[in-house]
Amino acid sequence: MAGVTDRPFRSLCRRLGAGLAVSEMLLANPALAGSRKSRERADHRGEPGPIAVQIAGADPQWLAQAARMSVDQGAELIDINLGCPAKKVCKTAAGSALLRDEPLVARILEAVVAAVHVTVTLKTRTGWSPQTRNLPRIARIAREAGIAMLAVHGRTRACGYSGRAELDSLRTLRAEAGLPVDFPLVANGDIDSPERAAAALAYTGADAVMVGRAAQGRPWLFQQIDHYLITGEHLPPPTSDWVCSTLLAHLEELYRFYGTERGVRIARKHIGWYLSAHQQTGPQQRPSVGLGAGRAGLPGSGTSTRACAAGPTQADAPDTIETHLARINRAETPQQQTDLVRALLLGPADLEDAA
């Protein structure tokens, strides 16, 4: 989730029910340690614990050094990335590319576990390709090296994010890899609703689920999943008021963290995700100026009786959101950006005046 799970987003997800939020992938190359990107990814000031840092690389000593540096900067958990399918990562033999070299995986895990006194976990896929699945062997290597928890994305590297994630590999993993019943396993891949979270846990016997892309624009998904797993009932969908308040608070954190100029640019993708998610899941499910305000928000958000502005005609509806997003993307200051977000989510403010 590089470029997404920065400190503002992690903190927000924790406030909205995530039990653990892992940092953006930190490359272990020492030459990159002083870069702006690395410094920002290692910034955990004010972040709720436990602080979890994910590291990636192909050199055992570099990874061990990166783990030690992360602990010195406040990390309470080190997660090793063995699952990233991105070409720019795999071409350095890191991420899921390591699944083709099991002896190197063993050396990496052993080096990192020996280097730090904190918990070390592993995120992996089921193999390099459907023809070369080796998850049980990777799991045995991990257990023997001292890895404390294993998260499994139910796709191979060759699958990328296509198709549906499969859960059979995780369902049979304890038996195939000889893992004890108390070794924590985490199911990952297409966990995008409370029902799918519950189904993944029931089918695989995993101890937890990990949510990735589905949280983009829906940081409240964690709270929805948690509530459903405990009660078997759904929380009411968030109101437009509540979504607007949450998004604006997120934007303010982005402006503070990155500065106003970069913050405005970085905020654009988050705004698009929020609006897309709310349009698809809001109670009214229509692309209107007020994206479907409901009668109640999430717990703690209060209720809303604000009426949405009248939507456009049916003929105009398909491109309404795109038109407003284009306006938001042209905003050059935080004030312009937030005014347009308010206008779009709450209405009936004049969008031209807000711009």
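Residues numbered from 1 in each chain as written. Predicted model: local features only at pLDDT ≥ 70, side-chain atom pairs only at ≥ 80, totals over all residues. Heavy atoms only, no water.

### Quick notes on the nonpolar core
Working step 1: Residues Ile55, Ile78, Ile80, Leu109, Val112, Leu122 and Leu173 are the most contacted members of the largest nonpolar core, which totals 58 residues.
Working step 2: With 8 residues, the top contributor of residues to this core is helix 5 (residues 102-115).
Working step 3: If you look at the next biggest cluster of nonpolar residues, it comprises 28 residues, including Trp220, Cys244, Phe257 and Tyr258. (Core = buried A, V, L, I, M, F, W, Y, C linked by side-chain atoms within 4.5 Å. Buried < 20%, exposed > 50% of the residue type's maximum accessible area, 1.4 Å probe, protein only. Helix = DSSP H or I, 4+ residues; strand = E, 2+ residues; numbered from the N terminus.)

### Overview of the pattern of salt bridges
Working step 1: Counted under the stated rule, the structure contains 15 salt bridges.
Working step 2: Between Arg196 and Asp192 there is a salt bridge; the shortest N-O distance is 2.7 Å.
Working step 3: Here Asp192 falls in the partly exposed class, since its relative accessible area comes to 25%.
Working step 4: Between Asp339 and Arg342 there is a salt bridge, and its shortest N-O distance comes to 3.4 Å. Of this pair, Asp339 and Arg342 both sit in helix 14 (residues 334-346), 3 residues apart, which is roughly one turn of the helix.
Working step 5: Counted as one network, the salt bridges with shared partners bring together Arg155, Arg164, Asp190 and Arg213. (Salt bridge = Lys/Arg side-chain N within 4 Å of Asp/Glu carboxyl O.)

### Here we look at the side chain of Thr5
Working step 1: By the secondary structure assignment, Thr5 is in the segment before helix 1 (7-15).
Working step 2: Beyond its immediate chain neighbours, meaning those up to four positions away, Thr5 contacts Arg10, Val22, Ser23 and Glu24. (Contact = heavy atoms within 4.5 Å.)

### What to know about helix 11 (residues 240-258)
Working step 1: Over its 19 residues, helix 11 extends 26 Å from the first C-alpha to the last, a length consistent with the 27 Å expected when each residue adds 1.5 Å.
Working step 2: Backbone geometry just after helix 11 places Gly259 at a positive phi near 90°. (Expected span 1.5 Å × (residues − 1).)

### Considering the packing of aromatic side chains
By convention here, two paired aromatic rings are described through the distance between centres and the angle between planes.
Working step 1: Across all of its chains, the model carries 3 aromatic pairs by this definition.
Working step 2: Put simply, the rings of Trp220, Trp242 and Tyr274 pair up and form one aromatic cluster.
Working step 3: Positioned over the ring face of Tyr161 is Arg125, at 5.0 Å from the centre of the ring. (Phe/Tyr/Trp six-rings, centres within 6.5 Å; stacked < 30°, edge-to-face > 60°. Lys NZ or Arg CZ within 6 Å of the ring centre and 35° of its normal.)

### Some words on the environment of Ala277
Working step 1: Tracing the backbone through its elements, the reader meets Ala277 in helix 12 (residues 260-281).
Working step 2: Overall, Ala277 belongs to the buried group, its relative accessible area being 9%.
Working step 3: Counting along the chain gives 63 residues from Ala277 to Ala214, while the straight-line C-alpha distance between them is 9.2 Å.

### Section: the sheet that holds strand 2 (residues 52-56)
Working step 1: Spatially, the 7 strands line up as an open sheet ordered 1-2-3-4-5-6-7, and their pairing is parallel. Edge positions in the sheet fall to strand 1 (26-27) and strand 7 (208-210), since each has one partner strand and no second.
Working step 2: In this fold helix 3 (residues 60-72) packs onto strand 1, strand 2 and strand 3 (77-82), with an angle of close to 160° to the strand it touches most, strand 2.
Working step 3: Set on the sheet, helix 6 (residues 135-145) makes contact with strand 3, strand 4 (119-125) and strand 5 (150-153); between it and strand 4 the angle comes to about 170°. (Pairing = 2+ DSSP bridges. Axes fitted to C-alpha atoms, helices over the stretch in contact; angles between N-to-C directions.)

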